[in-house]
Structure formats: structure tokens, C-alpha cells
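The primary structure of each chain is shown beneath.
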Amino acid sequence: MAPTPPQEAPMPRTLPCLLLLVVSTFGQVALTTGPFASAGSSQHKHVVKDAAGNLYALSVAQDASGNRPLKLQVSPDGGATWLPLTVAINDPTSGLSGTNLTNGCCLAIDGTGVLHIVWASYYYPSFYAQHYRQYDPSGGTLSPIVSLTGVTGAASTSRTSAMNIAVD
């Protein structure tokens, strides 16, 4: 019987996976943290890019008092760093505080750089409310809050959880 030639030891299968994990984590930046810190479970359109290359991110935060302010941030460097914008988007009548807190949001941008913001309070089985507001970062101006639930004539008990926004 002929001797078996020496073979190289196989590379452990976990090594490539670990290398990929380590390399991919260097490019990640936390946008928000806290007890809520989310755009909502079914809302996925919350980062947009303007003509100058600035990224804007929208999320729902929760402060120490239990309020749920919408948190708007900007990144001038492609997402490496994020700067909070001190703009009060939602208010006590639209989910900032009270019983039915904001728990979802989404964002769009138009060709002039105006941000279009939709947010909601969805509480199964009996409360659904959506709101809309524009924010112009160049001038720092906010439009009035519009109750989309009210405009459509839907009762707050009607299940209207269709969070999305598109701007033509």
C-alpha cells in the first residue's frame, strides 16, 4: 500500500464568515438608540438623498418622559456621521405624547429638496391615525400638520395602516 501524500489542513469554515462579519461591521453607524428607536415594524422608506448628496434619515425615538418624537438626522458624508436636526415634527395631537404614541414613519424628498414626512400611530385592534408634514431643510420651515385620517374621513377605528409615500 502506497503512503498517502501529505495534505494541507483545510481552512476552518468559520474563518471566512468571521472575516466577512468583521469587515462589514466597520461600515455600520448607529442612527438612533433607545427603548423604541425605530421607523416602525413595516415602514422601510426612511432614508433619502438630496441633490447635493446629503442623506436624511427619519426614525421614531423615545425620550426619558416616554414621549415619541420623530428624529430627523442629516449626513453630509454618505452616512459615516449623522447630525441631529432640532426640528419638532410631531406634537401632542399627532402622537408625540398621550395615549396613542407615534410608532411608524416614512420619508420622501422632492426635486426641490423638500422632505415629505408621514407618521402614524397604529394600535390593533382599535386605533389608527396617520399624519403628514413637509420640512424644507434649506429654510428650516415646517408646513402645518395634516391629519391624513381626518382628510380621508376615516374613523380612527378603521384599519388604515398603509404607511408609504411617493413624490412625483
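S.K.: Honestly, the overall build of the protein in this entry has me stumped. Any pointers?
M.R.: When its secondary structure is counted, the protein shows 2 helices and 9 strands. Counting every position in the protein, which comprises 168 residues, the buried fraction comes to 35%. A separation of at least 24 residues holds for 45% of the contacts in the protein among residues at least 6 apart in sequence. Here the protein displays about 10200 Å² of accessible surface, and carbon together with sulfur accounts for 59% of that area.

S.K.: Is there a simple way to explain the nonpolar core in this structure?
M.R.: In terms of nonpolar packing, the biggest core is built from 16 residues, with Leu58, Leu70, Leu72, Ile89, Leu107, Leu115 and Ile117 touching the most fellow members. Only strand S2 (55-60), strand S3 (70-75), strand S5 (104-109) and strand S6 (115-123) provide two or more residues apiece to this core. Beyond its immediate stretch of four places on either side in the chain, Leu70 contacts Leu58, Ser59, Val60, Val87, Ile89, Asn90, Thr102, Cys105, Ile117 and Trp119.

S.K.: I tried to follow the sheet that holds S2 on my own but got confused; where do I start?
M.R.: The pairing of strands in a sheet comes from backbone hydrogen bonds and takes either a parallel or an antiparallel form. Read across the sheet, 4 strands follow the order S1-S2-S3-S4 without closing on themselves; strand pairing throughout is antiparallel. Of all strands in the sheet, those with a lone pairing partner are strand S1 (47-49) and strand S4 (83-85), marking the two edges. Taking each pair of neighbouring strands and ignoring which way they run, the sheet shows an average axis angle of 30 degrees. In the sheet, S1 pairs with S2 via 3 bridges, with the strands oriented antiparallel. From the neighbouring strand, Val48 faces S2, where its bridge partner is Tyr56.

S.K.: I would appreciate a short explanation of the side chain of Gln130 in the present structure.
M.R.: Within the fold, Gln130 resides in strand S7 (residues 127-136). On the accessibility criterion, Gln130 (11% relative accessible area) is buried. A polar contact is formed between the side chain of Gln130 and the side chain of Tyr122, at a distance of 2.6 Å.

S.K.: Before we go on, may I ask you to explain the packing of aromatic side chains in this structure?
M.R.: Both the distance between ring centres and the angle between the ring planes are used here to describe each pair of aromatic rings. All told, the structure shown has 1 aromatic pair when counted by the stated rule. Taking 6.2 Å as the distance between ring centres and 45 degrees as the angle between the ring planes, the aromatic pair formed by Tyr122 and Tyr128 counts as tilted.

About the cut-offs
Residues numbered from 1 in each chain as written. Predicted model: local features only at pLDDT ≥ 70, side-chain atom pairs only at ≥ 80, totals over all residues. Heavy atoms only, no water. Helix = DSSP H or I, 4+ residues; strand = E, 2+ residues; numbered from the N terminus. Buried < 20%, exposed > 50% of the residue type's maximum accessible area, 1.4 Å probe, protein only. Contact = heavy atoms within 4.5 Å. Areas by Shrake-Rupley, 256 points an atom, 1.4 Å probe, with all protein chains shown as cover. Core = buried A, V, L, I, M, F, W, Y, C linked by side-chain atoms within 4.5 Å. Pairing = 2+ DSSP bridges. Axes fitted to C-alpha atoms, helices over the stretch in contact; angles between N-to-C directions. Polar contact = N/O pair within 3.5 Å; in protein donor to acceptor, adjacent residues only side chain to side chain. Phe/Tyr/Trp six-rings, centres within 6.5 Å; stacked < 30°, edge-to-face > 60°.

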